[in-house]
Amino acid sequence: MPGGHTHLFVPGPTNVPDAVRRAMNVPMEDHRAPDFPALTLPLFEDLKKVFRLDDGRVFLFPGSGTGAWEAAIQNTLAPGDRVLMARFGQFSHLWVDMAERLGLDVVCCDVEWGAGVPLDRFAAVLADDPSIKGVFATHNETATGVASDIAGLRAVMDSAGSDALLYVDGVSSIASLPFEQQRWGVDLAVTGSQKGFMLPAGLAMLGVSDKALDAAAERRGSARCYFDFADQIRTNDLGYFPYTPPVPLLHGLRAALDLLFAEGLDAVFDRHHRLAEGVRRGVHALGLSLCAVGPQWYSDTVTAIQVPDGVNGVDVCRIGYETYRTSFGGGLGQVAGKVFRIGHLGDLNEVTCLAALAAAEMVLADAGAKVEFGAGVAAAQSWYRESGTRPAERAA
Ligand SMILES: *Cc1c(COP(=O)(O)O)cnc(C)c1O
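What you are looking at is a predicted structure, and each value in this text was computed from that prediction instead of being measured.

K.L.:
Please provide a residue-by-residue account of the site of the ligand, values included.
P.N.:
Around the ligand, the neighbouring residues are S64, G65, T66, W69, F91, N140, T142, D169, V171, S172, Q194 and K195. T66 is positioned such that a nitrogen or oxygen atom in its side chain is 2.5 Å from an oxygen atom of the ligand. For the ligand, an oxygen atom lies 2.7 Å from a polar atom in the side chain of Q194. Bound to the protein, the ligand loses 88% of the 380 Å² it would expose on its own. Broken down by element, the residue count for the shell around the ligand peaks at three residues, all from helix α3 (residues 65-76). Residue classes in the shell around the ligand are distributed as three nonpolar, seven polar and two charged.

K.L.:
Tell me about the sheet that holds strand β2 (residues 57-63), and please be specific about residues and values.
P.N.:
Spatial ordering of the open sheet is given by β2-β10-β9-β8-β5-β3-β4, a layout of seven strands whose pairing is mixed. The open sheet terminates on both sides in strands that have one partner only, identified here as β2 and β4 (105-110). Geometrically, the sheet is characterised by an average inter-axis angle of 20° between neighbouring strands, direction not taken into account. As paired strands, strand β3 (residues 82-87) and strand β5 (residues 132-138) are joined by three bridges and run parallel to one another. Note that in β5 the partner of V83 across the bridge is G134.

K.L.:
Report on the nonpolar core, specifying residues and quantitative values.
P.N.:
In a soluble, globular protein the nonpolar side chains are often hidden away together inside. Formed by 60 residues in total, the largest nonpolar core has its most connected members in L47, V135, F197 and L253. The element contributing the most residues to this core is helix α9 (residues 247-263), with eight residues. Two domains each donate at least three residues to this core, and these are domain 1 (7-13 + 264-395) and domain 2 (18-262). Other than its neighbours up to four places away in sequence, V135 contacts L84, F122, L126, L153, M157, A164, L165, L166 and Y167.

K.L.:
Tell me about the side chain of D81, and name the residues and values.
P.N.:
Secondary-structure assignment places D81 in the loop between α3 and β3. Ignoring any residue separated from it by four or fewer positions in sequence, one finds D81 in contact with L104, D105 and K133.

K.L.:
Please provide a residue-by-residue account of the domain arrangement of the protein, values included.
P.N.:
As a measure of interface size, the accessible area lost when the parts come together is often cited. For the protein, the domain assignment lists domain 1 (7-13 + 264-395) and domain 2 (18-262). Domain 1 and domain 2 are separated by 27 Å when their C-alpha centres are compared. In this complex, domain 1 contributes 28 residues to the contact, which on the side of domain 2 involves 32 residues. Where domain 1 abuts domain 2, roughly 2400 Å² becomes buried across the two surfaces, and 64% of that area is made up of carbon and sulfur atoms. A per-residue breakdown of the area domain 1 buries against domain 2 is headed by L265, F269 and W297, which together make up 28% of the total. The salt bridge involving R52 is made with D266; its shortest N-O contact spans 3.4 Å. Along the contact surface separating domain 1 from domain 2 lie ten residue pairs in polar contact (both at pLDDT 80 or more). Elements supplying a minimum of two residues to the side of domain 1 that touches domain 2: α10 (265-285) and β11 (302-306).

K.L.:
A description of the layout of surface pockets should follow, citing residues and the corresponding values.
P.N.:
One number sums up the size of the largest pocket: a volume of about 480 Å³. In terms of lining residues, the largest pocket is bounded by 15 residues, among which H5, T6, N15, V16 and D347 are the most central. For the lining of the largest pocket, the secondary-structure elements that each account for two or more residues are β1 (7-9) and α1 (18-24). If you tally residues by element for the lining of the largest pocket, the top one is β1, at three residues. Tallied by class, residues from the lining of the largest pocket come to five nonpolar, seven polar and three charged. When its volume is computed, the second largest pocket comes out at roughly 310 Å³. Residue lining of the second largest pocket: 19 residues in total, with I132, K133, D163, A164 and L165 positioned closest to the centre. It is helix α7 (residues 210-217) that provides the largest number of residues to the lining of the second largest pocket, a total of three residues. Class assignment for the residues of the lining of the second largest pocket results in nine nonpolar, three polar and seven charged.

K.L.:
Talk me through the pattern of salt bridges; I want residue IDs and the actual numbers.
P.N.:
Taken as a whole and assessed by the stated rule, the structure comprises 26 salt bridges. Here D81 makes a salt bridge to K133, at a shortest N to O gap of 3.3 Å. Pair noted here: D81 is in the loop between α3 and β3 and K133 is in strand β5, with a separation of 52 residues, a long-range link. You can call D81 buried: its relative accessible area is 11%. For K133, a relative accessible area of 40% translates into the label partly exposed.

K.L.:
Describe the sheet that holds β11, naming the residues involved and giving the relevant values.
P.N.:
Hydrogen bonds along the backbone pair up the strands of a sheet, which may run parallel or antiparallel. In space, the four strands of this open sheet follow the order β1-β12-β13-β11, with mixed pairing throughout. Edge strands, defined here as strands with exactly one partner in the open sheet, are β1 and β11. Each neighbouring strand pair of the sheet contributes to a mean axis angle of 35°, computed without reference to strand direction. As judged from the three bridges shared by β1 and strand β12 (residues 326-330), these two strands associate in the parallel manner. Bridging from a neighbouring strand, H7 pairs with T326 of β12. Where helix α11 (residues 313-324) meets the sheet, its contacts fall on β1, β12 and β13 (339-343), and the angle it forms with β12 comes to roughly 165°.

K.L.:
Before we move on, could you go through the packing of α11 against helix α12 (residues 350-366) and cite the residues and values that matter?
P.N.:
When two helices pack together, their arrangement is given by the angle between the helix axes and the distance between those axes. Across the interface, α11 lies against α12 with an axial gap of 9 Å and an inter-helix angle of 115°. Between α11 and α12, the interaxial angle falls into the category roughly perpendicular. Regarding α11 and α12, the two cross each other, and that crossing is right-handed. Touching V316, I319, G320, T323 and Y324 of α11 are M362, V363, L364 and D366, all from α12. Here the residues of the contact of α11 with α12 sort into six nonpolar, two polar and one charged.

Rules behind the numbers
Residues numbered from 1 in each chain as written. Predicted model: local features only at pLDDT ≥ 70, side-chain atom pairs only at ≥ 80, totals over all residues. Heavy atoms only, no water. Near = heavy atom within 4 Å. Polar contact = N/O pair within 3.5 Å; in protein donor to acceptor, adjacent residues only side chain to side chain. Areas by Shrake-Rupley, 256 points an atom, 1.4 Å probe, with all protein chains shown as cover. Helix = DSSP H or I, 4+ residues; strand = E, 2+ residues; numbered from the N terminus. Nonpolar A, V, L, I, M, F, W, Y, C, P; charged D, E, K, R; others polar. Pairing = 2+ DSSP bridges. Axes fitted to C-alpha atoms, helices over the stretch in contact; angles between N-to-C directions. Core = buried A, V, L, I, M, F, W, Y, C linked by side-chain atoms within 4.5 Å. Buried < 20%, exposed > 50% of the residue type's maximum accessible area, 1.4 Å probe, protein only. Domains from an automatic or database assignment. Contact = heavy atoms within 4.5 Å. Buried area = accessible area lost by both parts, 1.4 Å probe. Salt bridge = Lys/Arg side-chain N within 4 Å of Asp/Glu carboxyl O. 1 Å grid on protein atoms, 1.4 Å probe; cavity = no way out; pocket = protein on both sides within 12 Å on 5 of 7 lines; lining within 4 Å. Points joined across faces, edges and corners; volume = space filled by probe spheres on them. Parallel < 35°, antiparallel > 145°, perpendicular 65-115°, else oblique. Left-handed = near helix turned anticlockwise from the far one by under 90°.

Laid out in structure tokens, this is it:
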């Protein structure tokens, strides 16, 4: 194996900061011990701060983001319930697929991949159909690099007088993009540990509103056991879990939350925006287009880039990995082979993003594209210098 680091630019799992990795390196311990709640109770409180949830509560299940999806559905909806969803990328597609397999009656709006939640079409459906019990939105579609307007969706639901629960997939947005569960009236917000939280996969996280907790308590949901909110509530209130939790991940979560709060959540969001903007400027300077069809859809956590004609996106990822020990995200589903993705969320800074662009330039050239070396890197460098704090300002 040659020297140096491998470089991970997939949009999850993201890079784990050293402090988080060290925090997880603990001997196994007794998860029924009297002092275990000293670890867990503050985690629940602090997670609510990240979800920006005042009421309600946060759940942690051993699982990935997909498990959080399933928990959200199984606790609050029953087979036959009608729900409104949109499909515009691989993750929103998979959520629709899950809802159908769990027996929900899905009204699905298909949208061109590259755009996001179609507020006007949702408004029309909600106005027509008061039987809709759940409205689902993928906040950040990781397959296409598209972010949707959740505050706008809440406004649409309110003006339609909809009483439905609002379900939001925040797997690649929460802790990286501004997310306001309470203010946006999100009833079930789901995420996983391996993206904005900078941890390995293994924790499925849900922020759940009081309204959704009431729906779950009335046992309106489907048959459920492992994912039952009620079992969690009984034990979580005392700082425990109904079954064995992944204890090292909980220590890692403590360290990750400390990092997020030390930087400040708003500063974390600003950093993601600045870094993403540099990547986009670099991509445009190389003459390439994004998968996102307009700036209102741009995601600050992942950029999906259309490969030029005659270049295969699968080759881009393979060459990156084999030649430069650099992983980019591949194209998924409908855009397989047509795009590659640079994940820019979690533990990263300007130079991390410059490295991604430098590697992308070489890889694209190797895959047969015409590339002006340095053009993408230079555009990002200019942006980072002009938008960042200069040494003189820092001293002042
Ligand atoms: C990663 C991701 C998922 C899937 O999460 P897993 O943790 O892999 O189950 C779902 N939705 C979005 C938007 C994602 O980015």
